[in-house]
Amino acid sequence: MTSKLKCPDKRIKLLRGKGLDDFSKEVYLRWATMISRCYNPNSKKYKSYGARGIRVCEEWHDVRKFAKWAKENGYSPDLQLDRIDNNGHYCPENCRFVSARENSQNKQNSKKVTALGQTLCVSEWARRLGVSPYTMYWWAKQGSEYIEKRIVELALNKGGLL
């Protein structure tokens, strides 16, 4: 079942941490940031979220409901909230908690390269091959054939193990 999406109004529960348990207080800042990105035109990140039509499901307009979902879905202070479909809304069906590295690879501007039957972002190819990300980005600027050739060469030099 897909969560309903509506613009927030006075029903958003801006509790500012009041009446929340310790766990929910930890989650509050992430929730407030998510709401701000989507609905506050003065937010630095609004252009990448709200202005693109990214919204928060009605259920999550209540921080307590978001905190309950977070607790049930692996929230940890060292993880970040990630939208699986970068063009999709913030809702239970489209969100998960991931490491900062995983989250950085699921950005709108992440450069993806397909080689050896795998599609990965340039930074992940660099990590796996032991090459500077700057080198990988330079190769990518040379064109898809060039970077694919270099990836295959490096993989073969490493015994084909990635």
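Since we're looking at a predicted model, the values are computed, not measured.

A.B. asks: Describe in detail helix H4 (residues 122–129), supporting the description with residues and values.
C.D. replies: Of the positions making up H4, those classed as buried are Val-122, Glu-124, Trp-125, Ala-126 and Leu-129. One or two residues past the end of H4 sits Gly-130, with phi positive at roughly 70 degrees.

A.B. asks: Give me the confidence of the model for the chain: which residues, what numbers.
C.D. replies: Summary statistics for the chain give a mean pLDDT of 82 and a share of 80% for residues scoring 70 or more. No element of the chain has a lower mean pLDDT than helix H3 (residues 100–104), at 74, and none a higher one than strand E2 (residues 95–98), at 92. Contacts from residues 1–7, a stretch scored under 50 in pLDDT, to residues over four places away or in other chains number 21 contacts. Note on residues 9–13: pLDDT is under 50 here. Beyond four places in sequence and across chains, it has ten contacts.

A.B. asks: Describe the pairing of strand E4 (residues 118–121), listing the residues and the values that go with them.
C.D. replies: Of the strand pairs in this sheet, strand E3 (residues 112–115) and E4 are connected by four bridges, and their pairing is antiparallel. What sits directly across from Lys-112, in E4, is Cys-121. The antiparallel pairing of E3 with E4 creates a hairpin that spans two residues between the two strands, and Leu-116 there sits at a positive phi of about 55 degrees.

A.B. asks: Please provide a residue-by-residue account of the environment of Trp-31, values included.
C.D. replies: Structurally, Trp-31 is set in helix H1 (residues 22–39). Through-space distance from the C-alpha of Trp-31 to that of Arg-64 is 9.7 Å; in sequence the pair is 33 residues apart.

A.B. asks: Describe the packing of aromatic side chains, naming the residues involved and giving the relevant values.
C.D. replies: As enumerated under the stated definition, the model contains eight aromatic pairs in all. Plain terms: the ring middles of Trp-60 and Phe-66 are 4.9 Å apart, the flat faces sit at 80 degrees to each other, and that makes the pair edge-to-face. Residue class for Trp-60 comes out buried when judged on its relative accessible area of 0%. On the numbers, 6.0 Å between centres and 80 degrees between planes, the contact of Trp-138 with Tyr-146 is edge-to-face. Note on Tyr-146: relative accessible area 31%, which makes it partly exposed. In textbook terms, an aromatic cluster arises when at least three aromatic residues are bridged by ring pairs, as seen for Trp-60, Phe-66, Trp-69, Tyr-75 and Phe-97. Directly above the ring of Tyr-90 sits Arg-83, whose terminal nitrogen or CZ lies 5.1 Å from the centroid.

A.B. asks: Tell me about the nonpolar core, and please be specific about residues and values.
C.D. replies: As a rule of thumb, nonpolar side chains are buried together in soluble globular proteins. Counting 24 residues, the largest nonpolar core has Met-34, Val-56, Trp-60, Phe-66, Trp-69, Leu-81 and Tyr-90 as its most contacted members. Elements that contribute at least two residues to this core include exactly H1, helix H2 (63–72) and E2. When residues of this core are assigned to their parent elements, the largest contribution, seven residues, is made by H1. Among residues more than four places away in sequence, those in contact with Phe-66 are Val-27, Trp-31, Met-34, Trp-60 and Leu-81.

A.B. asks: I'd like to hear about helix H6 (residues 144–157), residue by residue, with values.
C.D. replies: Relative to the 20 Å expected for 14 residues at 1.5 Å per residue, H6 spans 20 Å between its end C-alpha atoms, a close match to the ideal helical length. Ile-147, Ile-151, Leu-154 and Ala-155 are the residues of H6 that are buried. End-on, the buried residues of H6 take up no more than an arc of 100 degrees, which puts them together on one face. Exposed side of H6, more than 90 degrees from the buried face: Glu-145, Lys-149, Leu-156 and Asn-157 are the residues found there. Buried residues in H6 make contact with E3, H4 and helix H5 (133–141). One or two positions beyond H6, positive phi appears at Gly-159, with a value near 85 degrees.

The rules behind these values
The residue numbering used here restarts from 1 in each chain and proceeds along that chain's sequence as written. Note on the predicted model: pLDDT of at least 70 is required for a residue's local features to be given, and 80 or more for side-chain atom pairs to be given and counted; whole-chain, interface and lining totals, by contrast, use all residues. To obtain the side-chain values, all non-hydrogen atoms of the structure were used and water was disregarded. When accessible area is computed with a 1.4 Å probe and restricted to protein chains, residues below 20% of their type maximum are described as buried, those above 50% as exposed, and intermediate ones as partly exposed. Per the convention used, a helix needs a DSSP run of H or I reaching at least four residues, while a strand needs a run of E reaching at least two, with both numbered from the N terminus. In predicted models, pLDDT denotes the confidence assigned by the predictor to each residue on a 0 to 100 scale. It only takes one pair of heavy atoms within 4.5 Å for two residues to be counted as in contact. Note: two strands are recorded as paired if DSSP finds a minimum of 2 bridges between them. Note on ring pairs: Phe, Tyr and Trp rings are taken, using the six-membered ring of Trp, and paired if centres are within 6.5 Å. Classes follow the plane angle, with under 30 degrees stacked, over 60 edge-to-face and the rest tilted. We call a charge positioned over a ring when the NZ of a Lys or the CZ of an Arg lies within 6 Å of the ring centre and within 35 degrees of the ring normal. We call a set of buried residues a nonpolar core when its members are Ala, Val, Leu, Ile, Met, Phe, Trp, Tyr or Cys and they connect through side-chain atoms within 4.5 Å of each other. To estimate how far a helix should extend, the number of its residues minus one is multiplied by 1.5 Å. To be clear, the arc concerns the directions from the helix axis to the C-beta atoms.

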